[in-house]
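# Coordinate analysis (summary)
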Amino acid sequence: METLLQALKKAIFSVFEKMFFLFPEEATPTGTPAPDWQWVAIELRETAAASGGYRLEFGFSPSLGREMAVNFLGLDEGDLTDEIVTATLHEAVNVVTGNLLTACGRTLDMGLPERFAPDPAAVRQRAALPTATHLLVEESPCLVLLLPLNGGPV
Amino acid sequence: MPYGILVVDDSSSALMMYRKIIEVSGIPVRELTTARNGQEALQQLALHSIDLILTDLHMPVMDGLQLLEHLAAEPKWRPIPVIMITSEGRSEAVERSKALGAAGVLQKPFTPEEVRRVMLDCLGVQDHGNTASSTEKGDF
């Protein structure tokens, strides 16, 4: 069975292509995400165990968020609002995570996507982890972090 | 015959997307109603004449499976075809949806054409047009 990280990357590429008409490429880390990035997290909890599971954190640069909303909804950029962009990013995280569960064959309970403001120091540290996925989507950066909920292996 | 359609999803952007897909589908619509969860959907069903329900599986307050259970328990709502929409392709969720009476299942991500086809199938309408199949980026 492919690892969770491999399945996550596959789900991201597939969903971005089919849902947003965008083609992400893996990129080398390019420093710390800017403060204006929008972050959405979702948790996956082991069904059988009370404590195990994972947390996925998705960081979207503002230009990527706008492009995803425009492509997803067929809107003009001038019609976008912050609410529309946020809702689109939540939907993206929801669909990527659902597809991840399908691909990895694990029995995990999926939570609901939530916007959050990360601690910049924590983001810097986590962005350097081997389970961090750095992406460039039409030159707009995106960072996806796969984190164990209770210090377990990924 | 124009149809009353109820779309249930907690994501406002998903609701906008479904509205656009339905607009370009060529399916005649009498009224398009939306709800943010299963509980709101039950309230809308009491107020509107609905011929087809598209519902997300994964929602707060009352999810798609719980909504199906309520519909199955109410004789006047039981005949309404329900399309369950899920981002998970896990067989448990799909099988449970079907067991509770879902007429169709759509897995995200999907194309507008896939949505149109399943809607027509659930409405028992023969497919004469192909409007949504030409939908491309930014061109709903």
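Since we're looking at a predicted model, the values are computed, not measured.

Before going further, it helps to spend a moment on the confidence of the model for chain A. Summarising the model, chain A shows a mean pLDDT of 88, and 94% of its residues fall at 70 or more. Within chain A, strand E4 (residues 108-110) of chain A has the poorest average pLDDT of any element, 86, and strand E3 (residues 53-60) of chain A the best, 95.

Moving on, we come to the sheet that holds strand E2 (residues 29-35) of chain B. Residues and elements named next belong to chain B. The parallel open sheet is built from 5 strands, whose spatial order is E2-E1-E3-E4-E5. Unpaired on one side and paired on the other, E2 and strand E5 (104-107) mark the two borders of the sheet. Pairs of neighbouring strands in the sheet enclose a mean axial angle of 15 degrees, with direction left out of account. Here strand E3 (residues 52-56) pairs with strand E4 (residues 82-86) via 4 bridges, running parallel. Directly across from Asp56, in E4, lies its bridge partner Ile85.

A word on unusual backbone geometry. Residue Pro109(B) is reached from Lys108(B) by a cis peptide bond, and omega for that bond is -5 degrees. In this structure, Pro109(B) sits in the loop between E5 and helix H5 (112-123). At Glu138(A), a residue that is not glycine, the phi angle is positive and equals roughly 50 degrees. On the secondary structure map, Glu138(A) appears in the loop between strand E6 (132-137) and strand E7 (140-148). One non-glycine residue, Val61(B), lies in the positive phi region at around 70 degrees. Since its relative accessible area comes to 59%, Val61(B) is described here as exposed.

A few words on the interface of chain A and chain B. Bring the parts together and some accessible area is lost; that lost area is often taken as the interface size. Across the contact, 26 residues belong to chain A and 25 residues belong to chain B. A buried area of about 2,100 Å², summed over both sides, lies between chain A and chain B, and 60% of it is on carbon and sulfur atoms. Run the count over chain A and chain B and you get 2 salt bridges. Between Glu91(A) and Lys108(B) there is a salt bridge, and its shortest N-O distance comes to 2.6 Å. Secondary structure elements with two or more residues in the side of chain A that touches chain B: helix H1 (4-20), helix H2 (62-73), helix H3 (82-104) and E4 of chain A. Of the residues forming the side of chain A that touches chain B, the biggest block, 11 residues, is contributed by H3(A). Partitioned by chemical class, the residues of the side of chain A that touches chain B number 13 nonpolar, 9 polar and 4 charged.

Within the largest apolar cluster, 65 residues are counted, with the highest numbers of intra-cluster contacts made by Leu8(A), Phe58(A), Phe60(A), Met68(A), Leu54(B), Ile83(B) and Met119(B). Discounting chain neighbours no more than four positions away, the residues touching Phe60(A) are Phe16(A), Trp37(A), Gln38(A), Val40(A), Met68(A), Leu89(A), Val93(A), Pro141(A) and Cys142(A). By size, the runner-up hydrophobic cluster in this structure holds 22 residues, among which are Val8(B), Ile80(B), Met84(B) and Leu100(B).

Residues and elements named next belong to chain B. All of the buried residues along helix H2 (residues 38-47) are Gly38, Ala41, Leu42 and Leu45. Down the axis of H2, the buried set is contained in an arc of 100 degrees. They therefore lie on one face. More than 90 degrees from the buried face of H2, the exposed residues found are Ala46 and Leu47. Contacts made by the buried residues of H2 are with strand E1 (3-8), E2, E3 and helix H3 (64-73). Residue Asn37 occupies the N-cap position of H2, its side-chain oxygen lying 2.9 Å from the main-chain nitrogen of Gln39.

Let us look at the packing of H1(A) against H2(A). Residues and elements named next belong to chain A. Two elements in contact, H1 and H2, have axes separated by 9 Å at closest approach and are oriented at 50 degrees. Here H1 is positioned oblique relative to H2, judged by the angle of their axes. For the pair H1 and H2, contact is made by Phe16, Met19 and Phe20 and by Leu64, Met68, Asn71 and Phe72, respectively. Its residues assigned to classes, the contact of H1 with H2 shows 6 nonpolar, 1 polar and no charged.

Within the fold, Thr28(A) resides in the loop between strand E1 (24-26) and strand E2 (38-46). Between the C-alpha atom of Thr28(A) and that of Val144(A), which follows or precedes it by 116 residues, the distance is 13 Å.

To continue, consider the packing of aromatic side chains. Residue and element names in this part refer to chain A. For the structure shown, the criterion picks out 6 aromatic pairs over all chains. On the basis of an interplanar angle of 10 degrees and a centroid distance of 6.2 Å, the ring pair of Phe58 and Phe60 is categorised as stacked. Classification of Phe58 as buried rests on a relative accessible area of 1%. Lying across the ring of Phe116, Arg55 places its NZ or CZ 4.9 Å from the centre.

Conventions we followed
- Residues numbered from 1 in each chain as written.
- Chains lettered and ligands numbered in written order.
- Predicted model: local features only at pLDDT ≥ 70, side-chain atom pairs only at ≥ 80, totals over all residues.
- Heavy atoms only, no water.
- pLDDT = per-residue confidence, 0-100.
- Helix = DSSP H or I, 4+ residues; strand = E, 2+ residues; numbered from the N terminus.
- Pairing = 2+ DSSP bridges.
- Axes fitted to C-alpha atoms, helices over the stretch in contact; angles between N-to-C directions.
- Buried < 20%, exposed > 50% of the residue type's maximum accessible area, 1.4 Å probe, protein only.
- Contact = heavy atoms within 4.5 Å.
- Buried area = accessible area lost by both parts, 1.4 Å probe.
- Salt bridge = Lys/Arg side-chain N within 4 Å of Asp/Glu carboxyl O.
- Nonpolar A, V, L, I, M, F, W, Y, C, P; charged D, E, K, R; others polar.
- Core = buried A, V, L, I, M, F, W, Y, C linked by side-chain atoms within 4.5 Å.
- Arc of directions from axis to C-beta.
- Polar contact = N/O pair within 3.5 Å; in protein donor to acceptor, adjacent residues only side chain to side chain.
- Parallel < 35°, antiparallel > 145°, perpendicular 65-115°, else oblique.
- Phe/Tyr/Trp six-rings, centres within 6.5 Å; stacked < 30°, edge-to-face > 60°.
- Lys NZ or Arg CZ within 6 Å of the ring centre and 35° of its normal.

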